[in-house]
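# Tertiary structure, described
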Amino acid sequence: MQHITHTLPLKIFPQKITVNNDIYLLVGIVHYSSRSNVSVGHYTAYALYGNNWVLFDDLLANFTHVNEDSIINPTICLYVKQKIQ
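The model shown is predicted, which means the values in this text are computed figures rather than measured ones.

## Some words on the packing of aromatic side chains
Per the counting criterion, the structure on display carries two aromatic pairs. For the pair Tyr 32 and Tyr 43, a centre-to-centre distance of 4.8 Å together with 55 degrees between the ring planes defines the contact as tilted. Pair noted here: Tyr 32 is in strand 3 (residues 22–34) and Tyr 43 is in strand 4 (residues 41–49), with a separation of eleven residues, a long-range link.

## Some words on the pattern of salt bridges
Tallied over the full model, the rule gives two salt bridges. The shortest N-O distance in the salt bridge between Lys 11 and Asp 69 comes to 2.7 Å. Of this pair, Lys 11 sits in the loop between strand 1 (8–9) and strand 2 (16–19) while Asp 69 sits in the loop between strand 6 (64–66) and strand 7 (71–72), placing them 58 residues apart in sequence. With a shortest N-O distance of 3.6 Å, Lys 81 and Asp 22 are connected by a salt bridge. Pair noted here: Lys 81 is in strand 8 (residues 74–81) and Asp 22 is in strand 3, with a separation of 59 residues, a long-range link.

Calculation criteria
- Residues numbered from 1 in each chain as written.
- Predicted model: local features only at pLDDT ≥ 70, side-chain atom pairs only at ≥ 80, totals over all residues.
- Heavy atoms only, no water.
- Phe/Tyr/Trp six-rings, centres within 6.5 Å; stacked < 30°, edge-to-face > 60°.
- Helix = DSSP H or I, 4+ residues; strand = E, 2+ residues; numbered from the N terminus.
- Salt bridge = Lys/Arg side-chain N within 4 Å of Asp/Glu carboxyl O.

Dropping the structure here:
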């Protein structure tokens, strides 16, 4: 089985999308990383906190602020429906 990865900068992901007149806001991205052995890898999560990206990694004791130019391998993009006020 071939494992295909696409690495992209965080800033390329739209922070807002519209589907059927509903607006969805980007809240996070799940990232997968692996070494040369594709059967072993590690998932981390990037969350958009205000206008800043934060990295959550269970191998680190704390979260880390990251730059929007950070290159990731997105697995899942998480959007939530914007509530109408």
